[in-house]
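As a plain string of letters, each chain reads:
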Amino acid sequence: MPNTKPQTTTIEALRQKEALAARDSAVNYAFMLGATNDNIDDLLAIEPTSYAAIKLFLGSSTGNMLVNNPDQLDHLFRDARKLIVAHCEEEAVIQANMANMKRECQGTDRETAALHPLIRNTEACFLSTYKAIERARRYGTRLHIAHISTATELSLLSNFDLSQKNITAEVTPNHLWFDDRDYPTLGNLIKCNPAIKSNDDRLALWAALEDDIIDTIATDHAPHTIEAKQKPYFDAPSGIPSIQHSLQMMMEAAINNDELLTMIVWKMCHNPAILFGIKDRGFIRKGYKADIVLVRTGIETTITKESLLSKCGWSPLEGQTFHSRIEKVFINGRENGPAEPLAFCK
C-alpha cells in the first residue's frame, strides 16, 4: 500500500521501496502507486506493468492521501490504464459524524472505540462506493472496491464470472471475523478503516463471498504500536496487524467443510492472481512458480504474544485458539525461499 513513510506516489518512491524489498523481503512483493489530488498526470504516465495497481483513498485514513477533487477523479477514471483499488468512505459524512460525536461525548465516559462504526458508518461506505462505481461505469474503468464492510454495499455489485467483471470487490479476514460486539473487550485494537460493523453485516459478507459477489479475501495489515493504540479513541490510529493469522482465520471457518475450503483457495490465491494480472502464480500448475503453503488441520494452535511475528508485537487475536497450524511455506519452489518481485501481464 502507498500510505507509508515516505508515501509511494512517485516513480522515485516506488523504486526506493522496491530496492528495500529486494534487500529485506522474505516474501514475493509488488507495490501499489498512490493517487493524490496533485499527481494524476504523473501517475498516468508511468508504465502500467511496473506496479500492482493504483490505490485511491476516497475517505481519509492513516497517511492522509484523500483524493476529493472531482476533476482529478474524472481524469483518473477516464484515463487509467491500470486497475484502481479504492478505499470507499464518504469524507463529508465521516467529518459530520465525528463533530457530532465529539460534541455529544465531551465530559462523558462514552469516548470508546464503539463509536467507530457510528462515525465511519454504513451511509459513509455506501455513498462513497456508489459514487466510485457510478464513475467507473461512466468511463469503463477497471475498479476494485477494497475492504467491503457493509451489507448495503453488496447491492451495488454483481456475481458474474470474474472474467466478465469490470468492477470487483474484496473483504478482509478482520471484517469476516470481528463485529461490533467485540468493541467492549478489544476497543481500539480492532479500530480500523472501514470500521468493523454489525454481526448482520459480517454474515452478509460471508454470504457474498460464497455467492461470488465478493471476489477476493485480502489483508489490510497496519501494525501501529501498542502505545499508539492505547491512546483515547479519537487519538488512536486505525489499523490492525493481520497478515500472520489471515489464513488460519479463514481455515477456522472451513473446518470439516471442503466446499468452503475450496472457495477460500479461490478467493485468496486464484482470483487475486487473475484480478491483478500476476504472471505464472496463484495456481499449482506446470510452469508456474511454486508458492505453496502446507497447513495441518485438526491441531490446536493458541496465539500468544511470544508467537507474534509482526514488529508491533500485539494482535487482537492473542489468546485465540485455532484448529490448524501452518507447517511449511514454499516460496518460488523453496522452503522459505528467496523473494522476488512479481511480474504482471500487459
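Residues numbered from 1 in each chain as written. Predicted model: local features only at pLDDT ≥ 70, side-chain atom pairs only at ≥ 80, totals over all residues. Heavy atoms only, no water.

Asker: Describe the nonpolar core, and please don't skip the residues or the numbers.
Answerer: One finds Leu 56, Leu 76 and Leu 143 to be the most contacted residues of the largest nonpolar core, which totals 67 residues. Those residues in contact with Leu 56 that sit more than four places away from it in its chain are Ala 35, Val 67, Leu 73, Leu 76, Phe 77, Ile 84, Val 85, Ala 86 and His 87. Counting residues in each nonpolar core, the second largest holds twelve residues, with Met 32, Leu 83, Leu 162 and Ile 278 among its members. (Core = buried A, V, L, I, M, F, W, Y, C linked by side-chain atoms within 4.5 Å. Buried < 20%, exposed > 50% of the residue type's maximum accessible area, 1.4 Å probe, protein only. Contact = heavy atoms within 4.5 Å.)

Asker: Describe the packing of helix H9 (residues 199–210) against helix H12 (residues 258–276), naming the residues involved and giving the relevant values.
Answerer: The geometry of H9 relative to H12 is characterised by a closest axis approach of 10 Å and an angle of 85° between their N-to-C directions. By the angle class used here, H9 and H12 are roughly perpendicular. Counting all contacts with H9, which are made through Trp 206, Leu 209 and Glu 210, the residues of H12 involved are Leu 260, Met 263 and Lys 267. Considered class by class, the residues forming the contact of H9 with H12 number four nonpolar, no polar and two charged. (Axes fitted to C-alpha atoms, helices over the stretch in contact; angles between N-to-C directions. Helix = DSSP H or I, 4+ residues; strand = E, 2+ residues; numbered from the N terminus. Parallel < 35°, antiparallel > 145°, perpendicular 65-115°, else oblique. Nonpolar A, V, L, I, M, F, W, Y, C, P; charged D, E, K, R; others polar.)

Asker: Would you mind going over the pattern of salt bridges in detail, with residue names and values included?
Answerer: Counted according to the given criterion, the structure contains 20 salt bridges. The salt bridge involving Asp 74 is made with Arg 138; its shortest N-O contact spans 3.4 Å. In this pair, Asp 74 sits in helix H3 (residues 70–79) while Arg 138 sits in helix H6 (residues 122–139), placing the two residues 64 residues apart along the sequence. Judged by relative accessible area, Asp 74 falls into the buried class, the value being 17%. The class of Arg 138 is partly exposed, set by a relative accessible area of 45%. Among the salt bridges present, the one from Lys 131 reaches Glu 90, with a minimum N-O distance of 2.9 Å. With Lys 131 in helix H6 and Glu 90 in the loop between strand S3 (84–87) and helix H4 (91–105), this residue pair connects regions lying 41 residues apart in the sequence. (Salt bridge = Lys/Arg side-chain N within 4 Å of Asp/Glu carboxyl O.)

In short, shape yes, function no, at least from these values alone.
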